[in-house]
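Spelled out, the chains give:
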Amino acid sequence: MSNLGFASSSLSKSGVKLFYEKDEQQMAYDPYERYDFLQRQAFIHLKNDMYEVLRLDIQDTMSHFQSKGKVMLELGCGIGSELYRMSNLFAFDHYLGCDTSKRFLENAQNLFVHGKSIEYSFEPFGLVNESFQFNGNANIEFCLASAEDLPLEDASIDCIINCFLFDRVNDPKKLVDEIGRVLRPGGIVITATPFNFKSLDLRQMFGDAEKLNGIFEQNDLRMLKESKKISLIEPLDISENRIVWNTALFYHVKSS
């Protein structure tokens, strides 16, 4: 396992590194700690693979980039399925997933590190329960930490992926500042966002490609290629109800 220069942490029962504690009240009131959100994640990403089109573009772009390196980091990794799929595509030594949902991360740890079989209830989506199991990968690690305050050393990461995160955090500029800090010179960051911000103020400050690129440039992150739009389909049930996310995809490289 790579030396990632972690700050001090504790471990959950499943082995997830915890860089801050969530008390009972936080667990109870955080929507991402509810089982129905875990069911939703499993339905979208395990059953339907919502990010497949996005991944194909990333794979094509990364084939022209030096994809072998020490560490790939996914910010807002959710239940870990995308990081696991990336680990089967690219030749990095280590894969690190960061999220703020302890439930999601423990699920990811059990599925993709320990190789355990997990059954999900898909009844809310009109389907019977279904079990999933994957080969455990000891080169994957998951941690509970804020993407706006990463417990990592400067210039310690070779590739960073963040999907549907830029518009979900409280401070997008702080997120990009942290990305710029931990990414090594020559490293690549991949951002996919539908610009679906929490507030009108955030949308006005950060809600288009020019504004996003401007924040990245402030952190010596230059655009690798022109941004593109990809439509990602989020299924809602088996009745073909769905959400279409008009997603902007960006590639930036840290200046040497």
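Criteria and thresholds
- Every chain begins its residue count from 1, and numbering advances along the sequence as written.
- Residues qualify for local features only when their pLDDT is at least 70, as the model is predicted, and side-chain atom pairs are given and counted only at 80 or more; totals for whole chains, interfaces and linings, by contrast, use all residues.
- The basis for every side-chain value is the complete set of heavy atoms in the structure, and neither hydrogens nor water enter the calculation.
- At least two bridges found by DSSP between two strands are what make those strands a pair.
- Helix and strand assignments follow DSSP, with helices taken as H or I runs no shorter than four residues and strands as E runs no shorter than two, numbered in order from the N terminus.
- Note on contacts: a residue pair qualifies if any of its non-hydrogen atoms lie within 4.5 Å across the two residues.
- Here, axes are lines fitted to C-alpha atoms. For helices the fit covers the stretch in contact, and angles between N-to-C directions go from 0 to 180 degrees.
- Pairing of aromatic side chains here covers Phe, Tyr and the six-membered ring of Trp, requires ring centres within 6.5 Å, and sorts the geometry by plane angle: under 30 degrees stacked, over 60 edge-to-face, intermediate tilted.
- The buried label goes to any residue with under 20% of its type's maximum accessible area, the exposed label to any with over 50%, and the partly exposed label to all in between, with areas taken from a 1.4 Å probe on protein chains only.
- A positively charged side chain is recorded as over a ring if its NZ (Lys) or CZ (Arg) lies within 6 Å of the ring centre. The angle to the ring normal must also be within 35 degrees.
- Roughly parallel means an angle under 35 degrees; roughly antiparallel means over 145; roughly perpendicular covers 65 to 115; every other angle is labelled oblique.
- Crossing handedness is defined as follows: a turn of the near helix away from the far one that is anticlockwise and smaller than a right angle gives a left-handed crossing, while the clockwise case is right-handed.
- Each residue receives one of three labels: charged for Asp, Glu, Lys and Arg, nonpolar for Ala, Val, Leu, Ile, Met, Phe, Trp, Tyr, Cys and Pro, and polar for the others, Gly being one of them.
- Remark: nonpolar core denotes a set of buried residues (Ala, Val, Leu, Ile, Met, Phe, Trp, Tyr, Cys) joined through side-chain atoms within 4.5 Å.
- Any carboxyl oxygen of Asp or Glu within 4 Å of a side-chain nitrogen of Lys or Arg constitutes a salt bridge here.

**Things to note about the sheet that holds strand E8 (residues 157-163)**
Strands sit in the order E1-E2-E7-E4-E3-E8-E9-E11-E10 across an open sheet of 9 strands; the sheet is mixed. The open sheet has two free edges, formed respectively by strand E1 (10-11) and strand E10 (221-235), since each of these has just one partner strand. In terms of strand pairing, strand E3 (residues 71-75) meets strand E4 (residues 94-99) through 5 bridges, oriented parallel. Bridge assignment links Leu75 to a residue of E4, and that residue is Cys98. Docked against the sheet, helix H5 (residues 102-113) engages strand E2 (17-18), E4 and strand E7 (140-144), running at close to 170° with respect to E7.

**Quick notes on the packing of aromatic side chains**
As enumerated under the stated definition, the model contains 19 aromatic pairs in all. With a centroid separation of 6.2 Å and 80° between ring planes, the pair formed by Tyr32 and Phe104 is classed as edge-to-face. Linking Tyr32 in the loop between helix H1 (24-29) and helix H2 (35-47) with Phe104 in helix H5, this pair joins segments that are 72 residues apart in sequence. Take Tyr32: its relative accessible area is 39%, and that puts it in the partly exposed class. Taken together, Phe43, Tyr120, Phe122, Phe125 and Phe132 form an aromatic cluster joined through their ring pairs. In this structure, Arg168 packs its charged tip against the face of Trp245, placed 5.7 Å from the ring centre.

**Some words on the packing of H2 against H5**
It is the contact of H2 with H5, at a shortest axis distance of 10 Å, that shows an interaxial angle of 45°. Classified by the angle between their axes, H2 and H5 sit oblique to one another. Crossing of H2 against H5: the hand is right-handed. Every residue of H5 that contacts H2 at Tyr35, Phe37, Leu38, Gln41 and Leu46 is listed here: Arg103, Phe104, Asn107, Leu111 and Phe112. Here the contact of H2 with H5 is built from residues that sort into 7 nonpolar, 2 polar and 1 charged.

**Section: the nonpolar core**
The tendency in soluble globular proteins is for nonpolar side chains to be buried as a group. With 49 residues, the main nonpolar core has Leu54, Met62, Tyr120, Phe142 and Ile190 as its most contacted residues. Per-element accounting of this core gives the leading share, 6 residues, to H5. Among the nonpolar cores identified, the runner-up in size contains 32 residues, and Leu75, Cys98, Cys143 and Leu152 belong to it.

**A look at the pattern of salt bridges**
Once the charged atoms of two side chains with opposite charge are near each other, the side chains can pair. Considering all chains together, one arrives at 16 salt bridges under this definition. Put simply, Asp49 and Arg55 hold a salt bridge, and the shortest N to O gap is 2.7 Å. There is no split in this pair, since Asp49 and Arg55 are both buried. We note a salt bridge from Asp167 to Arg168, for which the minimum N-O separation is 3.6 Å. The exposure class assigned to Arg168 is partly exposed, which follows from its relative accessible area of 28%. Residues joined in a network through salt bridges with shared partners are Asp49, Arg55, Glu82 and Arg85.

The quantities given are spatial measurements derived from coordinates; they are silent on function.
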